[in-house]
Each structure stands twice: as C-alpha cells, then as structure tokens.
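Report on the structure
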Amino acid sequence: DTAVSQTPKYLVTQMGNDKSIKCEQNLGHDTMYWYKQDSKKFLKIMFSYNNKELIINETVPNRFSPKSPDKAHLNLHINSLELGDSAVYFCASSQGGGPGGWMGEQYFGPGTRLTVT
Amino acid sequence: GENVEQHPSTLSVQEGDSAVIKCTYSDSASNYFPWYKQELGKGPQLIIDIRSNVGEKKDQRIAVTLNKTAKHFSLHITETQPEDSAVYFCAASTSYGQNFVFGPGTRLSVLP
C-alpha cells in the first residue's frame, strides 16, 4: 500500500529531449513537493503545491514545469534536458504546508533516477 | 534565506557505541527541526523532529536536542546497530514549511 509513488523509477534520455515524471500520493495530504538530490546527496526543494496551488518555487530553470491536476498528483515536466539535470528527483507530501498552516511530516516517494546522456 | 550546516559528513562507529550528528542553522525564524534517515535506494524517512518550544525530545534510542539561542541542534543515537547505517539529514524551516532547507547529510556506518 504505497503512500507516495513515482513513475518511472529510472529514466535515461538524451540531451535536448523532453520528459515527465509522475507522482501520486494516497495519504489525503494537501501539500506536495519536488526535490532534487544531486550526486553528492544534497537535497534541495524545487517546488511545493498546496491544494493545487503553487506555494514554493525556488530558483529553478523555467525548463522545469510542475503540474498538479488534483491534490493527489504532482507531475514534473522537464524541457530541453541538459547533462546537469542528471540527479534523483523525489516527490513528497505533507498534511499541511499551506500559508499559515502547520506543515507536519513529509513523506517521500522512492525517487526517480534521471540520467541525461 | 535559511542555511543549514551539518557535521560530520561521514561517521563510523562500532556497534553498540553512540553516534552524534550536529547541525547549525542561520534563520532565527526557523522553528521546526526534523531529522530524516535515507537508506540506499530509498527516499528519506522522518525519524524524529523537534519544535522550538522544546529543548529535547527522545524516542527509544534516538534523541534530539535544540539550542535556539546558539542556533544548533543535534541527533543522538545510542546503542547503534548495523541497521542504523544510512545517510542522515537534518533540516530547518518555519512550522508551515517556508524556507525548508536540508543539511548536506551525514553518512553513518555502524561496524559490526
């Protein structure tokens, strides 16, 4: 009974391609996140959505575009992939995290390892 | 914005010994300090957290201490076991998730 799931688990693609990573949570949480983990294991938040609204939008190239069709899903679309985009991307969710609301524990998905060649 | 430093970057201990990981943060507005454990090939998992109105919190073999004046907090693991081997991340944020920043991580190895 997976709480936060991501597809695909592995993604190998060439520079210049466009790709998407999908994320779904079945916890009934209001907030979802995307994180990037580089080769040195450093975790950095990219985006967060609360009830389908963008809350956090860190300094990320505009080639990255999150889309939240409903509060259980947050997909990440990446245009014109570059070598530096190679990393593990984690989706996460939390009960709160909207403006003025207590965030609570974040639950992470298993990650998507993106390799750009 | 928030900046979180974490030390040491790697830590090896003998099974049964204690392990301590220390973090410092820069933003005095931060009031939520979680610790996450990441096993190989998996996503991070919360193991303990503390809010700024509490100085210490314990859960079985794991404890976290917070010194808000000095802006540092620490993770203590007692009676370490091989299954404690993983990468541990501290983090800091406001209670509603603004400026949520992870530390760079500590790779803990527990040697049998």
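Residues numbered from 1 in each chain as written. Chains lettered and ligands numbered in written order. Predicted model: local features only at pLDDT ≥ 70, side-chain atom pairs only at ≥ 80, totals over all residues. Heavy atoms only, no water.

Overview of the overall build of chain B
Where we set the bar: Note on conventions: DSSP H or I runs of at least 4 residues are helices, E runs of at least 2 residues are strands, and numbering of each starts at the N terminus. The globule rule used for comparison is 2.2 Å times the number of residues to the exponent 0.38, while the radius of gyration itself is calculated over C-alpha atoms. Contacts were defined at the residue level, with two residues in contact if any of their heavy atoms lie within 4.5 Å. All tallies of charge rest on Lys and Arg as positive and Asp and Glu as negative; His and the ends of each chain are not included. Each charge is placed at NZ for Lys, CZ for Arg, CG for Asp and CD for Glu.
Helix and strand counts for chain B stand at zero helices and eleven strands. Taken over C-alpha atoms, the radius of gyration comes to 13 Å for chain B, in line with the 13 Å a tight globule of 112 residues would show. In chain B, once contacts between residues fewer than 6 apart in sequence are set aside, the share between residues at least 24 apart is 54%. On chain B, the mean spot of the 10 positive side-chain charges and the mean spot of the 12 negative ones are 4 Å from each other.

Here we look at the overall build of chain A
Selection rule: A 1.4 Å probe rolled over the protein chains alone gives each residue an accessible area, and that area as a share of the maximum for its type sets the label: buried under 20%, exposed over 50%, partly exposed in between. For the accessible areas, the method is Shrake-Rupley and the probe is 1.4 Å, while residue cover comes only from the protein chains on display.
Helix and strand counts for chain A stand at zero helices and eleven strands. Ordered by position in the sequence, the α and β elements of chain A form the string β-β-β-β-β-β-β-β-β-β-β. Against the compact-globule benchmark of 13 Å for 117 residues, chain A has a radius of gyration of 13 Å, which places it among compact chains. Per-residue burial for chain A yields a buried fraction of 44% across its 117 residues. If you take every contact in chain A between residues at least 6 apart in sequence, the share linking residues at least 24 apart comes to 56%. Carbon and sulfur atoms make up 49% of the accessible area of chain A, which totals about 5,700 Å². Once the 12 positive and 11 negative side-chain charges of chain A are each reduced to a mean point, those two points are 6 Å apart.

A short note on the state of the cysteines
Residue and element names in this part refer to chain B. So the rule is basically this: Any two cysteine sulfur atoms within 2.5 Å of one another count as a disulfide.
This structure, assessed with the given rule, holds two disulfides over all chains. A disulfide bridge connects Cys23 with Cys90, and the sulfur atoms are separated by 2.0 Å. Around the S-S axis, the bridge from Cys23 to Cys90 shows a dihedral of about -100 degrees and counts as left-handed. Note that Cys23 is positioned in strand 3 (residues 19-25) and Cys90 in strand 9 (residues 86-92), a separation of 67 residues in sequence. In this structure, Cys23 and Cys90 share a single accessibility class: buried.

Regarding the sheet that holds strand 7 (residues 64-70) of chain A
All names here are of chain A. Definition in use: Whether two strands pair comes down to DSSP finding at least two bridges between them. Every axis corresponds to a line fitted to the C-alpha atoms, with the helix fit spanning only the stretch in contact, and the corresponding angles, defined between N-to-C directions, vary from 0 to 180 degrees.
The strand order 1-3-8-7 describes an open sheet built from four strands, whose pairing is antiparallel. Edge positions in the sheet fall to strand 1 (4-7) and strand 7, since each has one partner strand and no second. Across the sheet, the mean angle separating the axes of adjacent strands is 20 degrees when strand polarity is ignored. Judged from the four bridges that link them, strand 3 (residues 19-25) and strand 8 (residues 73-78) form a sheet pairing that is antiparallel. In the strand pairing of strand 8, Ser20 is matched with His77.

As for the sheet that holds strand 3 of chain B
All names here are of chain B. The strand order across the open sheet formed by five strands is 1-3-8-7-6, and the pairing between neighbours is antiparallel. Each edge of the open sheet is held by one strand with a lone partner, namely strand 1 (4-7) and strand 6 (56-59). Each strand axis lies, on average, 15 degrees off the axis of its neighbour in the sheet, ignoring direction. With four bridges joining them, strand 6 and strand 7 (residues 62-67) adopt antiparallel strand pairing. By the bridge assignment for strand 7, Glu56 is matched with Thr65.

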